[in-house]
Amino acid sequence: MQIETAVRRRHSISLTPLIDVVFILLLFFMLATSFTDWREITLATGTTAAEDEQPPPAIVHVGADGALRYDGETRSADELAQLLQRRQAEEAIAAVVIQPDHAATLGPTVSALDALAATGLPVALGKNANDETAPAP
Amino acid sequence: MIVPPPKRQRSLDDSILPLINVVFLLLIFFVVAGVIARQAPFDIILPQTMRTETRSVPAEQILAIAADGRLAFAGEPIASAELDDILATWPEGEALQIQADSDLPARQLNPLLERLRRAGIVEVRLLTQHQSR
């Protein structure tokens, strides 16, 4: 004799297909999401002209190995930030221009932009001094 | 007559319910906490910054530059010549986001910025990856 147990049969969605779909969604979101902490640096496209009466900008060269040179001397980023802040207080410089050397890559250049922007001085990426006619990438 | 409820069926459902609960929680966590990353058609290692505070999220219309200078716009690889057509339709006054590989020679960025300037783009935002000290 078969007797139905009435109370337990309430859910109409069967769980196995549901959990299949949920697993697939989970897998998708796990693979597609990124938890990178992005920041952004605003680059001037070269439309701002310096005013004439301002003191000249400090030019910081970035070498291929990532070394920063200012005034012919290699310095660490922190040292350089302090020095440039002093120079700004003396009103000897009004801005900082980061000038990457030929073989310098973007990584160290952006690090320099990042470190020297902390001085509060306007920091800009320098124009290529001697290869203006270089082909566009 | 008292009939005991079928044992097997109940124990299976009951053990699956906590599993579904946990999976749902994980799903909600990933949906809420993460950002769906738009992949460029090539690998890009973003330059790292430590002090820059301006937070950002990659936009859909992002210009990607590989270490060897290849370009991609909105996830699609483009030839250098196609860039001008794309920039011609760029809305006036809107900032353009770019993501460039940290191994790209820094000087290659300047001719590109010059092109962007000629196309009337006044603001370029370079995407970086934050690294805590």
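Above this note sits the structure.
The notes below deal with the structure included here. (Residues numbered from 1 in each chain as written. Chains lettered and ligands numbered in written order. Predicted model: local features only at pLDDT ≥ 70, side-chain atom pairs only at ≥ 80, totals over all residues.)

Brief notes about the pairing of strand β3 (residues 62-65) of chain B
For a regular strand, side chains alternate in direction, first toward one face of the sheet and then toward the other.
All names here are of chain B.
Here comes step 1: Relative to strand β6 (residues 96-100), β3 runs parallel, the two being bridged by 4 bridges. Of the residues in β6, the one forming a bridge with Leu-63 is Ile-98.
Here comes step 2: Here β3 runs beside strand β4 (residues 71-73); their pairing, made up of 3 bridges, is antiparallel. Each residue of the ladder has a partner; that of Leu-63, found in β4, is Phe-73.
Here comes step 3: In this structure, the hairpin formed by β3 and β4 is closed by a connection of 5 residues, where Gly-69 is found at a positive phi of approximately 95°. (Pairing = 2+ DSSP bridges. Helix = DSSP H or I, 4+ residues; strand = E, 2+ residues; numbered from the N terminus.)

Concerning the interface of chain A and chain B
Here comes step 1: Taken together, the contacts link 45 residues of chain A with 57 residues of chain B.
Here comes step 2: Looking at the side of chain A that touches chain B, the elements that each hand over two or more residues are α1 (15-32), β1 (33-34), β2 (38-44) and α3 (106-117) of chain A.
Here comes step 3: Looking at the side of chain A that touches chain B, its residues break down into 26 nonpolar, 13 polar and 6 charged.
Here comes step 4: Bridge count for β2 of chain A against strand β7 (residues 123-130) of chain B is 7 bridges, and the pairing is antiparallel. Bridged to Glu-40 of chain A within β7 of chain B is Leu-127 of chain B. (Contact = placed C-beta atoms within 7 Å. Nonpolar A, V, L, I, M, F, W, Y, C, P; charged D, E, K, R; others polar.)

In short, geometric facts, not functional conclusions.
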